[in-house]
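# Examination of the molecular architecture
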Amino acid sequence: KNIGLPDFSDFDTVSGPDPDSQTQNWHWAKVGGASTSNTDSLFKLLCDHNINVAEFEHGALHDLVEEVYEAKVSTLMLRGKELQRHLQIVKVWVLADILSVPHLLVQSSKLYRGKKDLSVKDRPISMRLSHGQSWQQALTMALQQRLGLDAKRIDDLVEVDESSYCLCEEVEYSRTYPGLKTVYRIHEITCRLSSNATNLGLPDGQEFGVARRQSSRTDDIAMTYFSWKPKKDLFGRQGRFTKSLLDVMHTSDTREVDPKRKLPAPAPLISPAKSLTSSGLLVQELMKGKKTDWNRARNAAKRIRDKDYDCKQFFEDCVAAFPELALYVGVAGEDGKAPVTSSGRSADDEYQRSIGALFAVYWLMRLDGDGGQSFSFGVDTSSWAPLSANSRTPSRSSDEQARRGAFLEQVKWPLFEEVLVSAGMLIPGSNGTKGHDEERTLAMLVLTAIHDIMKIEQLLPTVSSAKTREFCGYRAGEVISDHDVALGYVLEHAPDALPSYSGLPAKQRDSVKFTQCNMEYNMGWLVQAEAPPGALFRKFKAIISAGKADPQDVAFYFTHWLTDLAGAEP
């Protein structure tokens, strides 16, 4: 019985007694039959493309054989050297008025193989298209099989809103078949249901259940429960399409997820005597005597695209080169309290985000190599090699892995490169090759290292009457609370306070200062609608109209904004 006999049922074996031992899935098949041939062929095909069938859930290989060879609802294709699973889905929103309020029919739960699945909650009706089937045919079949309606009742009760039809394509890594990338073409349509459909919970909007056979096995019955929900409660909350609509339900994702990884932060700086800070520039006193290691800084800028210059070497060069990075962890004060940040995050979080932004610069400069992979998944803690959707560590949820994989596949990477080319960092060469400008790259690394230091509230400067009566709306004697304006004030009136900035060539200093001082523009305010257009664009428009905005510096700003945004989610 422990190997599935006498009824030839599927079974599992474990390679050893340890918790990390590998589980193997086994399936009995008739000798010489088509099923055996198909199973063997599929097994070999998966193994030949580095997909470990042992990681599939119980019964998943049999289900894949059935959907590819028997039901023919999916196909396996080679794209380059990668094996992909292709599916077409019809996704049906069923609409009805209940007490004059538009409601949508959604699943509330599913009972299958003795297990209750709540992951389908609030999902519409969906079904996979078989080979050669149109979405209109699949729509009719979905209403028949999912809701138990015959052709006559569909004609009488259902009105299809063809103007609502839309088609999209998404790429995900299947949770059911780990390592097998799946391309979904999704046909989405809305239908209006008559209130006379009493067996579907109308007209009162009652819950109901429908039983149907899940596969060709006679005992493979699934019970799906449906409920009616107000349309306004669903739309606006509906996220992007996920594969839980598609794959046969097995066990839910219960893996333990690792916390966000962090790099060791430097020790807090020692606060100088109060008499030394009368100028209002604590940052100047903290950086007194600190020097930028220009050999390490220039090495990072020079070798950033070298194949044998990995992310670990880049990180070590940056933390050794830029003394300003220590400012992110705050100042060791007498009260022993943790430093306060204007963002509400911890000082250590601000340090991690800035390192993440530096990594983003490194990866975006290497998009013709492993940059996109690392930008999407990160790197391994020990080897610093790029991670992938199949990496076992760190442990991430299936949803997160799928979103990272979809980002890698769907983002238009050439647009990223265009921004870096426009900023003067990447230089297009012949035959599609690219070089880079070391000075321009160095300036971006310096800007990234110092860009958020003024989020540490201890460092915020006070406008000095000896330097100016007013700076960007702040009058003499006032503390500059906006961290971007505060950094701009230091770059404008005390550039020597930051050794990495002051040591840049004059042209690159001007570019860095342009992003913080001259524009008075905040892209984050625009995308989050935090300021009216007039306040956002007045100064920016004025400098463009006056011919004082170098297009390369404008692109330099947007490159910085992009990498800053990327570092926000390390």
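Now for a look at the structure at hand. All figures in this text were calculated on a predicted structure; none of them were measured in a lab.

The helix and strand inventory of the protein chain stands at 19 helices and 17 strands. A sequence separation of at least 24 residues applies to 66% of the contacts in the protein chain between residues at least 6 apart. For the protein chain, the exposed area adds up to about 28500 Å²; of that, 51% sits on carbon and sulfur atoms.

Moving on: the pairing of strand β3 (residues 74–79). Of the strand pairs in this sheet, β3 and strand β4 (residues 82–98) are connected by six bridges, and their pairing is antiparallel. Among the inter-strand pairings, leucine 76 is bridged to a residue of β4, identified as arginine 85. Two successive antiparallel strands, β3 and β4, enclose a turn made up of two residues, where glycine 80 displays a positive phi of approximately 70°.

To continue, consider the environment of glycine 405. Following the sequence through the fold, glycine 405 ends up in helix α11 (residues 398–410). We classify glycine 405 as buried; its relative accessible area is 3%. Measuring from C-alpha to C-alpha, the distance between glycine 405 and serine 376 comes to 7.3 Å, with 29 residues separating the pair along the chain. Here glycine 405 is in contact with Tyr173 and Phe377, once residues within four sequence places are set aside.

Bringing the nonpolar core into the picture now. In terms of nonpolar packing, the biggest core is built from 81 residues, with Phe314 and Leu498 touching the most fellow members. When residues of this core are assigned to their parent elements, the largest contribution, 10 residues, is made by helix α9 (residues 347–364). Non-local contacts of phenylalanine 314, meaning those with residues more than four positions away in its chain, are made with Ala300, Ile304, Tyr309, Leu358, Phe359, Tyr362 and Leu445. Ranked by size, the runner-up nonpolar core spans 29 residues in total, among them Val90, Ile98, Leu143 and Leu193.

In total, this model carries 15 aromatic pairs according to the counting rule given. Here phenylalanine 208 and phenylalanine 226 contribute two aromatic rings whose centre-to-centre distance is 5.4 Å and whose plane-to-plane angle is 20°, an arrangement assigned as stacked. One end of the pair, phenylalanine 208, is in strand β10 (residues 208–213); the other, phenylalanine 226, is in strand β11 (residues 221–230), and 18 residues separate them in sequence. Given the relative accessible area of 3%, phenylalanine 226 is considered buried.

Cut-off values and rules
- Residues numbered from 1 in each chain as written.
- Predicted model: local features only at pLDDT ≥ 70, side-chain atom pairs only at ≥ 80, totals over all residues.
- Heavy atoms only, no water.
- Helix = DSSP H or I, 4+ residues; strand = E, 2+ residues; numbered from the N terminus.
- Contact = heavy atoms within 4.5 Å.
- Areas by Shrake-Rupley, 256 points an atom, 1.4 Å probe, with all protein chains shown as cover.
- Pairing = 2+ DSSP bridges.
- Buried < 20%, exposed > 50% of the residue type's maximum accessible area, 1.4 Å probe, protein only.
- Core = buried A, V, L, I, M, F, W, Y, C linked by side-chain atoms within 4.5 Å.
- Phe/Tyr/Trp six-rings, centres within 6.5 Å; stacked < 30°, edge-to-face > 60°.

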